[in-house]
Amino acid sequence: MDAPFYWIPFFPLLGFLINGLIGLRRFSNRAVHAVAVAAVGLSFLTALWSCGALLAAGNVAGEKVLFTWIPANLIHLADQVSGASFQIAFAFRFDALTAVMCLVVTGVGLLIHIYSIGYMAHDKSYARFFAYLNLFTAAMLVLVLGANLAVMFIGWEGVGLCSYLLIGFWFTKDSAAQAGKKAFITNRIGDFGFLLGAGLLLWFLGTMDFNAIAAGVTQGLLTKSVATAAALLLFLGATGKSAQLPLYTWLPDAMEGPTPVSALIHAATMVTAGVYMVARLNVLFTFSGTALTVVALTGGLTACYAATMGLVQFDIKRVLAYSTISQIGYMFLGLGVGAYSAGIFHLMTHAFFKSLLFLAAGSVIHALSGEQDMRRMGGLRRRIPQTYVVFLIGAIAIAGLPPFAGFFSKDEILAAAFASGQYTAWALGMVGALMTAFYMFRLIFMTFFGPERMTHEVAYHIHESPRIMLRPLQILAGLSLIGGWVGLPAVLQGGAWFGRFLAPVTGHHAVHLSHGLELGLMVASIGVALAGIAAAYYIYVRKDGQPARAFAAGLQPLYTLVQNKYYVDELYNNVIVGGCKRLGILFARFDLGIIDGVVNGAAWLTRLVSKLSILFDGSVVDGAVNGVAHVHQRYGRMLRRLQSGYLYNYALAVVLGMVLLISFVLIY
Amino acid sequence: MTILGVPILSLITFFPLLGMLLILCLPAARIGAIKWTANIVTAIEFLLTLALLGGFQATASGMQFMEQRNWFLNIQYLMGIDGISLLLILLTSLLTFIATLSSWSAIKDRLKEYYAFLLLLEVGMVGVFVSLDLVLFYVFWEVMLVPMYFLIGIWGGERKLYAAIKFFLYTLFGSVLMLVDILVLYHHYGHTNLLTMISSGSRLAGTVQLWVFAAFFVGFAIKVPMFPFHTWLPDAHVEAPTAGSVLLAGVLLKMGTYGFVRFSLPLFPEASYAFMPVIMVLALIAIVYGALVSLMQKDMKKLIAYSSVSHMGFVVLGIFAMTPLALKGAILQMVNHGISTGALFLIVGIVYERRHTRLIAEYGGLSARMPVYAAVFLIMTLSSIGLPGLNGFIGEFMILMGTFPVSWLWTAIASTGIILGAAYMLWLYQRVMFGKLDNPANQSLADLNLRELCTFLPLIVMAVWIGLYPKPFLTILDKPVENIVRLVHPEYYNIPLQKPPTAVAPSHGAAAGHEVK
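So, how was this worked out
- Numbering of residues begins from 1 in every chain and follows the order in which that chain's sequence is written.
- Whichever chain is written first becomes A and whichever ligand is written first becomes 1, with later ones labelled in order.
- The predicted nature of this model means local features are confined to residues of pLDDT at least 70 and side-chain atom pairs, given and counted, to a pLDDT of 80 or more, with totals for whole chains, interfaces and linings taken over all residues.
- Values reported for side chains reflect all heavy atoms of the structure, with hydrogen atoms and water molecules removed beforehand.
- Each helix corresponds to a stretch of at least 4 residues labelled H or I by DSSP, and each strand to a stretch of at least 2 residues labelled E; elements are numbered beginning at the N terminus.
- This radius of gyration counts C-alpha atoms alone. The globule rule is 2.2 Å times how many residues there are, raised to the power 0.38.
- Classification of residues uses two cut-offs on accessible area relative to the type maximum, computed with a 1.4 Å probe and protein chains only: under 20% is buried, over 50% is exposed, and between them is partly exposed.
- A contact between two residues is defined here by any heavy atoms of the two lying within 4.5 Å.
- Shrake-Rupley sampling with a 1.4 Å probe provides the accessible areas, and residues are treated as covered by the protein chains on show and by no other component.
- Positive residues here are Lys and Arg, negative ones are Asp and Glu, while His and the chain termini are left out of the count.
- One atom stands in for each charge, and that atom is NZ of Lys, CZ of Arg, CG of Asp or CD of Glu.
- Buried area is calculated as the accessible area (1.4 Å probe) missing from two parts once they are joined, with the contributions of both summed.
- Throughout this description, the term salt bridge denotes a Lys or Arg side-chain nitrogen within 4 Å of a carboxyl oxygen of Asp or Glu.
- Under the rule applied, a polar contact is a pair of N or O atoms within 3.5 Å (in protein, one hydrogen donor and one hydrogen acceptor; residues adjacent in sequence only if both atoms are side-chain atoms).
- When residues are grouped by polarity, Ala, Val, Leu, Ile, Met, Phe, Trp, Tyr, Cys and Pro land in nonpolar, Asp, Glu, Lys and Arg in charged, and all others, Gly among them, in polar.
- For two strands to pair, DSSP has to find at least two bridges joining them.
- Residue count minus one, scaled by 1.5 Å, sets the expected span of a helix.
- The predictor attaches a confidence to each residue, called pLDDT, with possible values from 0 through 100.
- Nonpolar side chains (Val, Leu, Ile, Met, Phe, Trp, Tyr) are joined into patches within 5 Å and like charges within 9 Å, using only residues with over 30% relative accessible area and no salt bridge.
- Disulfide: a pair of cysteine sulfur atoms within 2.5 Å of each other.
- Here a Phe, Tyr or Trp ring, Trp counted by its six-membered ring, pairs with any other such ring whose centre lies within 6.5 Å, and the pair is stacked when the planes are under 30 degrees apart, edge-to-face when over 60, and tilted otherwise.

Peer 1: Before we move on, could you go through the overall build of chain B and cite the residues and values that matter?
Peer 2: Each helix and strand in chain B was counted, giving 20 helices and five strands. Relative to its length of 517 residues, chain B is compact, with a C-alpha radius of gyration of 23 Å against a globular reference of 24 Å. By principal-axis analysis of the C-alpha atoms, chain B measures approximately 70 × 65 × 45 Å. The proportion of buried residues among the 517 residues of chain B is 68%. Sequence separation of 24 or more characterises 80% of the internal contacts of chain B that already satisfy a separation of 6 or more. Element-wise, carbon and sulfur atoms account for 69% of the exposed surface of chain B, whose accessible area totals about 15,800 Å².

See the structure below:
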């Protein structure tokens, strides 16, 4: 293929540099967003072009080495008898998987950039916002284009940095600054696994290139246990970036960032990087087997666990945050049962409907002058009908009703889980689906139905968002409706085109189920979704939330536990963060007390001995005449005089010495 | 290579001394002239060291620009550089220039002596990196000690005398051990020419080599500083004036690790191997211990000082892993640490000059008042925590990947330093820059002026350059590192190369069929 796909990340990078270096001081808002949107727009067009070229070339990947990043070094491999020349090329590769990711990142990214023009219009750090957003887009594109683990890691950390900067965008708010830091450090724990996993692969294979890793695994250069260790270490990295158990706690806090950021980074793109990484290394994970099972169970558990917390949130963005954690769990569940393309399919549809939900939530928040608590909303469907419609579409899509996008991708994952015999994972997924439908419609009903619970002041100011915000929402709503059709399964007379497109990268995954069983599963998952919606309708519309309050009161301890996020934050804070702090204080005391104790003790001893000898000298020389006190005084005075002259003398001596040295050499 | 008839290494070593004499001749009252002289001299010195690049053969194996004269008693005036020294010399001259420039308005009394000492310090630093005779090396090593002692003792903070004497005695203790070592070596070889010592192939016998290695090790370890010899560093840094801290962290700490690379490994290969596990454990302790202590500091300079202990632990780890990848990473990391930590001390210096406090709690929310400062601080924080795309990552990554084949456990423990590094630096950044600007004393802080910005720009450029395109820096390290690895591990390069795995069946699709443009 001959499209310039390697240009894709450079437009947003350029946009970042222009806005960051010049725009920040000199540009009007209009110029700032023109640059930023144009940059992402050009990326999107290049991605489309490259995608077309990829299809035209028969789905054969393109590769471009830009330059040698780390030049060759000899390393000894794990077998002890051979070495490898290890070097890292700054190389990009464009294949089907990258194509999907690039289109999602630039496509959804473009819509969110446009939406931000309206959402951030009154923020005084307008240029900074767009500069960061562009930098993020560039980093994310490097992540998905990188041809080896090291280049991927540039993007991996780059998106983490932008996430840090954007969560803490309103840095005067302590909670925002705190949340940004928490996100970065939690991700660093994941990176620890990433680096060690990469190191292990390097030690055994002598390379970090994705193709070479896959080839090495196929050629049997890794034992199962090594492959499992490497895969699990890398997966630790994925759990950090993609907010899975046990490293998920940063994502709900990340909602401190502006809403477009939540939509772009913490829903549609960055948090799915872990999913992308596992899919990229599918050969390794499949070979290990054990690692794959861990992925499936982590995904299934997270999907269910996060959903329980989504049930009891009142902050509209936090509901969506837990929902994101849960949905990414589904993606991992899909990957973990070997249905890599299904996981990526869900990644794509999720990008559509979850960014839609976040942006629509932003529109609600915008309308309510910043209110995020659903207990002070209600009845909004009459006041902001356009937002309501798109929100409803997003909710149906995530709940998983046909023909909306989420249905096809989630169903493919659940069918694959069932077919692979991982019934536990499948059951977790079904329970999660029930809760998803419930909490999402709980959100819809609390926000858009029932009586208006906001203050008069807020109610008075309610307004529909401007067109620049609504248009991207409507496009995303369209995608949430039809986006799943590219993966229409055979049982519904579709061609499962999406899976076939990805097959060169992820391998072909056939679900071996009879048509009847497959249709049955489909009906079951629709039934579960409908049950969740119906329950939400009964509780929050018919009974105005009364049963929920009664339930909470009846099961007070359980409710409190979930409401407080199972106290995991407190656990982490006290044990890990607190432990590090306590050790830090202990070690600092060790420095001051023990080590410096020895050092100062030695100095004290020396001074004591010298004092004694002075005393001795003094008493011998003129001890008969003067008292001890007098001696002290005298020596003190003498030492003082000596010292002030001493500085100069010493310095002068050094200079003279140097001069002598040179002249000596020159004369010689 | 000569400039104006003077051999270049002698020239770059003693040119600052000329500047110093010039300043000593100026009347103390002529402040402007003194400042300008010092700045111009260090700038010219930097350009002179850049001129080295003109004649330097990146792929040559031996020492270059050699100068050799007999001095006395078989002791030689022997100078020469390879890629390792070249990088460190460039770092030294750049940082000295920046440190001088940063002192412009920070130093208000006894300017003449201040600048004189600064230039004398540069003589010592450059001298150490060009000397290839042990006695000559020792002379410059000691020369370096004195001006730093005075810089801390005269222009330092409240506890300057304690810090200066602690610094002096700690280092002197190490130097004395080194001196004894040099005498032992002189006795064994009959001369102190490092190159001949190495090429002669004769090594000190078993136990003697262990003792001599250990004594050298303590001398260098104090300088690095390695746990448990590190407690002079926080005090020295906290009390030193900004320029002193910059040079201390940026260059003086590298003397220790440079010593390991230049002397310990080539002269005592067997002992290096024997001591490797002990040193590795000390390096790992330094990484984790330094980071944890750093986390809990209330004083910005102390925090960065302890972070140096942690970062230098990485360098020692890389050196004693003794694989080309790790060793090269370690040497590059010396330069990286000089850049990022030098810059961080400048950054503290900026607000210290305005507010006269280094306590983190005194600050908060500065981003709102000082956006340019905030950006510079952020970039250097990221460089320090090893964000890919900036310099720190390359060094850390190479060290970790190069240590992995030696011990995955050591690598894993060292990697925790990366997590903690992010924790203490981002927490520092959060407490100083984020939050509300609620301390009245900070309400009118001025952002960076042009001169201050100029002290940072070269460092930022270097950080990005090394981060994105480290090839030129790593290429000149190829040969020297290979020489050292061959000395300590003669069989290392004899291993047969395995071809990297490539895709098998073309039917496997994308994996096979890519084309390279």
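Peer 1: So, the overall build of chain A: which residues are in play, and what are the values?
Peer 2: Helix and strand content of chain A: 27 helices and two strands. By its C-alpha atoms, chain A is 115 × 70 × 55 Å across when sized along the principal axes. In chain A, buried positions account for 60% of the 668 residues. Taking all contacts inside chain A whose residues are at least 6 apart in sequence as the whole, residues at least 24 apart take part in 82%. Just so you have it, chain A exposes about 25,000 Å², and 68% of that area is on carbon and sulfur atoms. Computed over 41 positive and 27 negative side-chain charges, the separation of the two mean positions in chain A equals 6 Å.

Peer 1: Which residues make up the interface of chain A and chain B, and what values do they have?
Peer 2: On the chain B side, the residues contacting the 92 residues of chain A number 98 residues. Carbon and sulfur atoms supply 73% of the area that chain A and chain B bury against each other, a total of about 8,400 Å² over both sides. Remark: the boundary between chain A and chain B carries one salt bridge. Residue K166(B) is joined to D596(A) by a salt bridge in which the shortest nitrogen-to-oxygen separation is 2.7 Å. Inspection of the region where chain A meets chain B yields 18 residue pairs in polar contact (both at pLDDT 80 or more). Mapped by element, the contributors of at least two residues to the side of chain A that touches chain B are β1 (62–76), β2 (83–94), α5 (149–167), α6 (174–205), α7 (210–218), α22 (497–506), α26 (568–622) and α27 (628–667) of chain A. Among the elements that make up the side of chain A that touches chain B, the one with the highest residue count is α6(A) (17 residues). For the side of chain A that touches chain B, the per-class residue count stands at 62 nonpolar, 17 polar and 13 charged.

Peer 1: For the pairing of strand β3 (residues 64–72) of chain B, give the residues involved together with the corresponding values.
Peer 2: Residue and element names in this part refer to chain B. Note that β3 and strand β4 (residues 75–81) share six bridges and pair antiparallel. Counted as the bridge partner of E67 is M79 from β4. Here β3 folds back onto β4 in antiparallel fashion, the turn holding two residues, of which L73 has a positive phi close to 50 degrees.

Peer 1: Describe the environment of N39(B), with residues and values.
Peer 2: All names here are of chain B. Along the chain, the position of N39 falls in helix α2 (residues 31–55). Residue N39 is classed as buried on the basis of its relative accessible area of 6%. Sequence separation between N39 and A99 is 60 residues; the distance between their C-alpha atoms is 9.4 Å. Not counting chain neighbours up to four residues away, the residues in contact with N39 comprise F97, T100, L101 and W104. A distance of 2.8 Å separates the side chain of N39 from the backbone oxygen of K35, its partner in a polar contact.

Peer 1: Describe the side chain of T349(A), listing the residues and the values that go with them.
Peer 2: All names here are of chain A. With respect to the helices and strands, T349 occurs in helix α15 (residues 340–367). The buried category is assigned to T349, whose relative accessible area is 0%. Residues contacting T349, with those up to four places away along its chain left out, are A405, G406, S409, G483 and G484.

Peer 1: Quick one: what's the story with helix α13 (residues 324–355) of chain B, residue by residue and with numbers?
Peer 2: Residue and element names in this part refer to chain B. Its 32 residues give α13 an end-to-end C-alpha distance of 46 Å, which sits within 8% of 46 Å, the value for a rise of 1.5 Å per residue. Within α13, 29 of the 32 residues are buried, which leaves the element mostly enclosed by the surrounding structure. Backbone geometry just after α13 places H356 at a positive phi near 55 degrees.

Peer 1: Requested: an account of the confidence of the model for chain A, with residues and values cited.
Peer 2: All names here are of chain A. Averaged over chain A, the pLDDT score is 88; the fraction of residues at 70 or greater is 92%. The least confident element of chain A, judged by mean pLDDT, is α27 at 54; the most confident is helix α11 (residues 273–280) at 96. For residues 641–647, every residue scores under 50 in pLDDT, and the model assigns this stretch two contacts once sequence neighbours within four places are set aside.

Peer 1: Tell me about helix α8 (residues 206–223) of chain B, and please be specific about residues and values.
Peer 2: Residues and elements named next belong to chain B. In this model α8 runs 26 Å from its N-terminal to its C-terminal C-alpha over 18 residues, within 8% of the 26 Å that 1.5 Å per residue would give. Buried within α8 we find Q209, V212, F213, A215, F216, F217, V218, G219, F220, A221, I222 and K223. Those residues of α8 hidden inside the fold are in contact with α5 (134–155), α6 (160–189), α9 (232–239), α10 (242–267), α11 (269–295) and α12 (300–321).

Peer 1: I'd like to hear about a nonpolar patch on the surface, residue by residue, with values.
Peer 2: Residue and element names in this part refer to chain A. Together, W7, F10, L13, L14, L17, L21 and I22 give the surface a local cluster of nonpolar side chains, amounting to about 650 Å² of exposed area. Relative to the assigned elements, W7 resides in the segment before α1 (10–26). Classification of W7 by relative accessible area gives partly exposed; the value is 44%.

Peer 1: I'd love a proper account of the state of the cysteines, names of residues and values included.
Peer 2: Tallying each qualifying case throughout the model produces zero disulfides over all chains. As a non-bridged cysteine, C51(A) has C102(A) as the owner of its nearest cysteine sulfur, 8.4 Å distant.

Peer 1: Talk me through the pairing of β4(B); I want residue IDs and the actual numbers.
Peer 2: Burial of β4(B) is extensive: seven of the seven residues sit out of reach of the surface. Of the two faces of β4(B), the one carrying I75(B), Y77(B), M79(B) and I81(B) and the one carrying Q76(B), L78(B) and G80(B) are both buried.

Peer 1: Tell me about the packing of aromatic side chains, and please be specific about residues and values.
Peer 2: Each aromatic ring pair is summarised here by two numbers: the centre-to-centre distance and the angle between the ring planes. Enumeration over the complete set of coordinates arrives at 73 aromatic pairs over all chains. Centroid distance W69(A) to F393(B): 5.9 Å. Interplanar angle 15 degrees. Geometry classified as stacked. With one member in each of two chains, W69(A) in strand β1 and F393(B) in helix α16 (residues 391–403) form a pair that bridges those chains. You'll find W69(A) and F393(B) in the same group, each marked buried.

Peer 1: So what's going on with the environment of Y340(A)? Residues and values would help.
Peer 2: Residues and elements named next belong to chain A. Structurally, Y340 can be placed in helix α15. Placed 161 residues apart in sequence, Y340 and A179 show a C-alpha to C-alpha distance of 32 Å. Beyond its immediate chain neighbours, meaning those up to four positions away, Y340 contacts V278, A279, N282, F285, T286, L292, G334, L335 and T506. Engagement of the side chain of Y340 in a polar contact is seen with the side chain of T286, the distance being 2.8 Å.

Peer 1: An account of the pattern of salt bridges is needed here, citing residue identities and associated values.
Peer 2: By the definition in use, this model includes 25 salt bridges over all chains. For D569(A), the salt bridge identified is with K182(A), shortest N-O distance 2.6 Å. One end of the pair, D569(A), is in helix α26; the other, K182(A), is in helix α6, and 387 residues separate them in sequence. Looking at D569(A), the relative accessible area reads 12%, which means it is buried. For R358(B), the salt bridge goes to D299(B), with nearest N and O atoms at 3.2 Å. Of this pair, R358(B) sits in the loop between α13 and α14 (366–369) while D299(B) sits in the loop between α11 and α12, and the two are 59 residues apart along the sequence. Each member of the salt-bridge network shares a partner with another, and the members are K182(A), D253(A), R318(A), K565(A) and D569(A).

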